[in-house]
Structure formats: C-alpha cells, structure tokens
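# Working through the structure, step by step
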Protein chains: 2
Amino acid sequence: MSTSGASSGFASRLASAVQARRSQIVLGLDPDPARLWPQALEAASGSSAAEQAASAVEAHCNALIEAAGPACVVAKPQLACFERLGAPGRDALGAVVAHAKAAGLLVLADGKRGDIDVSAAAYSQSLAGVTETPFGPVAGLGADAFTANPYMGIDTLNALIEGARANDAGVFVLVRTSNPGAADFEDLEIADHGTLWERVAQAVDRLGSEGELSDVGAVVGATAPEYVARMRELMPRTIFLLPGIGAQGGSVEDLAPAFSPGRAAGLVSASRSIVFASEEHGGSPAEAARAQAELLRDSAWALGAEG
Amino acid sequence: MSTSGASSGFASRLASAVQARRSQIVLGLDPDPARLWPQALEAASGSSAAEQAASAVEAHCNALIEAAGPACVVAKPQLACFERLGAPGRDALGAVVAHAKAAGLLVLADGKRGDIDVSAAAYSQSLAGVTETPFGPVAGLGADAFTANPYMGIDTLNALIEGARANDAGVFVLVRTSNPGAADFEDLEIADHGTLWERVAQAVDRLGSEGELSDVGAVVGATAPEYVARMRELMPRTIFLLPGIGAQGGSVEDLAPAFSPGRAAGLVSASRSIVFASEEHGGSPAEAARAQAELLRDSAWALGAEG
C-alpha cells in the first residue's frame, strides 16, 4: 500500500516526504457534521440524511485538504467521525483517503485500535492491508499508518505491527496522550521503576524496525512538553506524533527535543486550530486554514534546523 | 436505543433477558471470510468481491444466530471483522445487528474504543446513539452496549459512558484481558498499591450507575480465573464479560465467583468453540453450534444457582 513506487518502509517514505514538502504538519480530519464549511453543505447529495451528511463531510475534508494540504505532509482522519455516518461514512472516508493521497499526502488512520491477535490482524487488513476472501481479495483503506492502543500488551501490538509491516505501513502507539485523563493510568508509577508510559515507550523502542527511524511511532501529547526529552531518551529512533497543539493548549516551541534525530521524527498534529482558523483570525475558512497551516509548518521547521 | 419498550438502563434490561432466556452466554460473531459455513457461501450476492464477501458474512452470522442464538442472551459482533470489508461490511454489520435483535438478543459491539472526549462522543454516537446533522439525525448501529479501552484515562471513559447512558446503553471496560500479553502492562505492580488492572477495576466500580447491577461492565479474561475472586471484591456490582472460554483455553467451572451477585453479573463469551463445534464434535455446523451453545449455557447456569 505504498503511496510511492519505492519498496521502502513507512519511515523512509515519511522522511522523504518531509524533506520534499518541507513540512512536519499532520492535518487532522475530524469532521463534525454540525460544523462543516459552508461550501461543503452546498455540495451535499444523496437520498438519506446519512448519505447527504457523508457527502458533505467528504466535500469538507477535500476542501480542507485543498486549502491546508500543501503546507502539510500527512492527513489524519479520525475514524470515529466517519463511522458515525454508517456505510456512507465509510465510502466518504475512502474517498477522502484517495483525495489526500492524490494531493501527495501520506495517510494516518486514527482509530487507536487494539485487540487480541486474530482481531488485531483483522484491523491491520482493514486499515492498511487486504482481506483474502473466496470471492477475491478485498482492499482495505490503504492507510500509510494507523494509531494503536497498547493496554492489552505486546502480543496485540505485534499483531498490528506485523500486519502493517507486510504492507510497508507504520503503527503509532499511544504512549503519553494529550488529554487530562492521561494522568490517571499512563502516569502511574510502577513498583520497580518508572511510569506506565515509560514502560510502553520501552516496548515501542524495542518493537520498531532497524534503521535511522523506526516504523513504530509514538503518540506523545504536546500538552506535556516536560516529558518530551525523557521520551526521546527512551525512544531515540521513534517518530513522535504530537497532538494537542492549538485547541488542546500545547505550543510548538516547547517541543524542540522531539525533532532531535531529524525533522521527520517529530510530526505536529493539528485539527481544530486549522479548520476553524477563520473564527479566530477572520478571512474565508480556506484562506485562514492555509495561513494557519503555513504558520505552524514554519514554526515547526525552524525548531528542527539542527535535524 | 432500548431493545425493549422499558425506560430502564442496560443493566436491568440485561438482567431481565438473562432470567427470561435462562442464559448468560454471549455469542461472539467474528466472521472470517475464509472460514464461513458452506450455506453462507452459497448465499453470496453482489457485483464486487467486497459485496459478495459481506453478503456471505451476513448470511453466516444470521445462520449462526438462528442456530445458537436461542441458547444465548447477547450477540457480540467483533467490529474489525466487518470493517475490513469496507462499506458493504458496515451494511452487513447493521443487518446482523438487526437480525440479532429480532431474535431477542441484546447486542454488544466489540470494538474496544477509546479516545479523547470529542472523539469518544463520536464513537458513542456511532455505536449506540444518533448523530445530529444539518440533513437530519443519523442513527448509529443501535448496540445495547460496547467495549472500551481505559488506557487514556477517566475523561475518555466518561465521554463513552455518558454517550452510552444517554441511550440506555452499557459500556464494558477492558480490565484484565484473556490474551498472554495481558501480563505486560495490565499486571504491572503500581508503586503504592496493587496492579494496573486493579486500578482500572476501581475506576470501573466508581464510574458505574447506582443499583443492584452497574451499567459499566468489565472485560475479565476467563484464562486467568485466579483473579476472578479479587475482581469481584473490587467490583461488587459490575457485570463481567468473560471471554477466553474454549478456544482460548479457559474453563467455565473456574469462574464461579463471577456469578456471585446474580447470574446476569457473569456473561460467558464464546465464539470459535461454538461456530466451529462441528469440526471437533461432528454433525452439521448449525446442529453442532446449537449443541455446544446449550452445553455452555447449562454449565454456566448451574454455577450461578445461588445467584
């Protein structure tokens, strides 16, 4: 499911794209049918509310990709936002993924999956692989990478990673997330040493592929920058996905250690701060989104100057 | 989204169903397109491989519900198995859920979701609620309950629970799962007291509704029966979902403490041991599945005699 013709894995594909596009920005696509851009509402079609809403969501995401995509390197659809629109939502998701790829973006499917081995393998097929059936192969979403939840343990992560790797795709494991509740379990001190998230970080480091950058990334909340240096110490070759910029309160200047092994090792994810930029800064939604994405791109790029 | 006309929440709806059907068995629906019942393959229709596979998966699940459903109280579709077939898979999932409800079963959507508040709310809408759109409301899957992953913390669980509760639905939180990897993180000893899974268990107890049985359940692997008594101590009013019987190695006789507050407090989940029963015991797939489900039902029911 490589988006380039290269046989290289996810990490080197990402590194090339970051260099070529001079951007580390991940464009979050979290469409709320009640807050779509006006032009998307006008584009709605279909006979049921689900079809109309899904077509509007698709038009909204595609317009966002047109506007802000050139300043970004990855598009990150939030699967929940599409799933709630049923089968039309899944069709819209597929169309948005295709649109993002055609615009030169890599696609990171954000579903935070995790399950026992056989079900984890099914998720890998669904997101980045192919399902063999008696009627022929059924292609999955074709994502370049997807997010995963580590709670159930290494065997469940391994099943996801093996499925991804077979398709040159990457996996981003939740390590220390950006929400307040991250303190409840992720930050618990373990009896012999460190916190739960540090244990997960060690596993992420161990599970990743050889090479300059590993194909197993980490979701590292940008709202807790005090942890970023420690995370880099535990995961020296890991690509960090840094959500929580803007709407969730994080600031890009706090994140310098994330970029230390090279710019592609620190991806800055933003969604609401880009899509709703016009509400704060004025202008058309598309113009404001583009300007905000460019601003974010330039601040992140400046931080990785030594990378 | 109540399946009965009652305004009661999930827990009392489940308790009534357990009494009426004299069963605590949860019928796992994990369809693998490569291992469907022969009659389902013959029923396939559609123009693409995805449509044909999805229609065969739907026929397979419906036949399984016809055969084994009368001995069960809940149907538990594994969402990954449907998602990998794209939009036709989502349509098949909806049809299977409707079929299970028409057969008198409650539906537990097994997706192990977990995300920040706004995305968790979207998952609740998707699985057990409704999404408001400018084109009218879009109904979700209509599940009576769904599974959730606690890693990201209480705020993420709260968002799922609030969304479920608004629709009289329940949530089953992963506590101590049935796979070998459960030892990696779930069993870690916390510095001041207990294990990670015990901390999660305490949260599950606290987050649940008032009443004899709580509307926040726990996924408790049947492969570690040595923990079941401690789990019951920490979660006295919690409904336990016990996977891992049969194919994963657990035995129903080990689970007696799960049923102590009443039979509805211990749900025994089985999938492969029922659907593939004919491979071990002979007979037609449907006859063997029915016999195996009845056997499991009777052994579980006998254990809860004091409940």
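Predicted model, so just to flag it, every value in this text is computed and none were measured.

Criteria and cut-off values
Residues numbered from 1 in each chain as written. Chains lettered and ligands numbered in written order. Predicted model: local features only at pLDDT ≥ 70, side-chain atom pairs only at ≥ 80, totals over all residues. Heavy atoms only, no water. Helix = DSSP H or I, 4+ residues; strand = E, 2+ residues; numbered from the N terminus. Rg over C-alpha atoms; globule rule 2.2 N^0.38 Å. Lys, Arg positive; Asp, Glu negative; His and termini not counted. Charge placed at Lys NZ, Arg CZ, Asp CG, Glu CD. Axes fitted to C-alpha atoms, helices over the stretch in contact; angles between N-to-C directions. Left-handed = near helix turned anticlockwise from the far one by under 90°. Contact = heavy atoms within 4.5 Å. Nonpolar A, V, L, I, M, F, W, Y, C, P; charged D, E, K, R; others polar. Buried < 20%, exposed > 50% of the residue type's maximum accessible area, 1.4 Å probe, protein only. Pairing = 2+ DSSP bridges. Right-handed = clockwise from strand over helix to strand, strands pointing away. Salt bridge = Lys/Arg side-chain N within 4 Å of Asp/Glu carboxyl O. Buried area = accessible area lost by both parts, 1.4 Å probe. Polar contact = N/O pair within 3.5 Å; in protein donor to acceptor, adjacent residues only side chain to side chain. pLDDT = per-residue confidence, 0-100. Least-squares fit on C-alpha atoms with pLDDT ≥ 70 in both. 1 Å grid on protein atoms, 1.4 Å probe; cavity = no way out; pocket = protein on both sides within 12 Å on 5 of 7 lines; lining within 4 Å. Points joined across faces, edges and corners; volume = space filled by probe spheres on them.

Okay, the overall build of chain A next. A tally of regular secondary structure across chain A gives 12 helices and 10 strands. The globule rule puts the C-alpha radius of gyration for 307 residues at 19 Å, and the 19 Å found for chain A is close to it. Seen through its principal axes, chain A has C-alpha atoms that stretch 60 × 55 × 40 Å. Where the 21 positive side-chain charges of chain A centre and where its 36 negative ones centre are 3 Å apart.

Residue and element names in this part refer to chain A. In contact at an axis separation of 12 Å, helix α7 (residues 154-165) and helix α8 (residues 196-207) are set at 35° when each is read in the N-to-C sense. Where α7 crosses over α8, the two elements pack in a sense that is right-handed. Where α7 approaches α8, its residues I154, L157, N158, I161 and R165 are matched on the opposing element by A203, R206 and L207. Considered class by class, the residues forming the contact of α7 with α8 number 5 nonpolar, 1 polar and 2 charged.

A word on the pairing of strand β6 (residues 145-148) of chain B. Residue and element names in this part refer to chain B. Side chains A145 and T147 of β6 all project onto a buried face; the interleaved residues F146 and A148 project onto the opposite face, where all are buried too. Taken together, the 3 bridges between strand β3 (residues 106-113) and β6 define a ladder with parallel strand orientation. Bridge assignment links R113 to a residue of β6, and that residue is A148. With 4 bridges joining them, β6 and strand β7 (residues 170-176) adopt parallel strand pairing. Looking at the pairing, F146 lines up with V171 of β7. Taken together, β6, helix α7 (residues 154-165) and β7 constitute a β-α-β crossover, and its handedness is right-handed.

With the rule as written, the count across this model stands at 26 salt bridges over all chains. Between E83(B) and R113(A) there is a salt bridge whose closest N-O contact spans 3.1 Å. Note that E83(B) is positioned in helix α4 (residues 79-83) and R113(A) in strand β3 (residues 106-113), a pairing that runs across two chains. Look at E83(B) and you get buried, because its relative accessible area is 18%. Among the ionic pairs, D192(B) bridges to R199(B), the shortest N-O distance being 2.4 Å. Overlapping salt bridges, with partners in common, bring together K76(A), D110(A), K112(A) and D115(B) in one network.

What follows concerns the interface of chain B and chain A. Contact with chain B, which involves 68 residues of that partner, is made by 68 residues of chain A. For the pair chain B and chain A, the summed buried area comes to about 5,600 Å², and 64% of that belongs to carbon and sulfur atoms. Per-residue buried area on chain B facing chain A is highest for F135(B), Y151(B) and F185(B); these three make up 16% of the total on that side. At the junction of chain B with chain A, the criterion picks out 29 residue pairs in polar contact (both at pLDDT 80 or more). Of all the secondary-structure elements, those providing two or more residues to the side of chain B that touches chain A are α3 (49-68), α4, α5 (86-102), β3, α6 (117-128), α7, β7 and α8 (196-207) of chain B. Residues of the side of chain B that touches chain A, tallied by class, amount to 35 nonpolar, 18 polar and 15 charged.

Attention now goes to unusual backbone geometry. Residue and element names in this part refer to chain A. Here K112, not a glycine, exhibits a phi torsion of approximately 50°, which is positive. Along the chain, the position of K112 falls in strand β3. The class for K112 is buried, based on a relative accessible area of 8%.

Let's shift gears to the confidence of the model for chain A. Put simply, chain A has an average pLDDT of 92, and 94% of its residues get 70 or more. Two summary scores accompany this predicted model of the complex, namely pTM at 0.95 and ipTM at 0.95.

Turning our eyes to something else, we now look at the relation of the copies chain B and chain A. For these two chains of identical sequence, chain B goes onto chain A by a turn of 180° and a shift of 0.0 Å along the axis, with RMSD 0.0 Å. Classification of the inter-copy transformation places it as that of a two-fold axis. A shared interface surface links the copies, since 100% of the contact residues of chain B are contact residues in chain A too.

In total, this model carries 2 cavities of 30 Å³ or more according to the counting rule given. What the largest cavity holds in volume is close to 280 Å³. Lining the largest cavity are 21 residues, with E83(A), R90(A), R113(A), E83(B) and R90(B) positioned closest to its centre. Looking at the lining of the largest cavity, the elements with two or more residues in it are α4 (79-83), α5 (86-102) and α6 (117-128) of chain A together with α4, α5 and α6 of chain B. Looking at the second largest cavity, the residues that line it are F10(B), V74(B), L106(B), V107(B), L108(B), D144(B), A145(B), F172(B) and L267(B). For the lining of the second largest cavity, the class distribution of residues is 8 nonpolar, no polar and 1 charged.

A few words on the sheet that holds strand β9 (residues 240-242) of chain A. Residue and element names in this part refer to chain A. Spatial strand order, β1-β2-β3-β6-β7-β8-β9-β10: 8 strands in a closed barrel with parallel pairing. In this sheet, neighbouring strand axes are inclined to one another by 30° on average, regardless of whether the strands run parallel or antiparallel. Set on the sheet, α7 makes contact with β3, β6 (145-148), β7 (170-176) and β8 (216-220); between it and β7 the angle comes to about 150°.

Now for the environment of D117(B). Note that D117(B) resides in helix α6. Distance from D117(B) to L241(B), taken between C-alpha atoms, is 25 Å for residues 124 residues apart in sequence.

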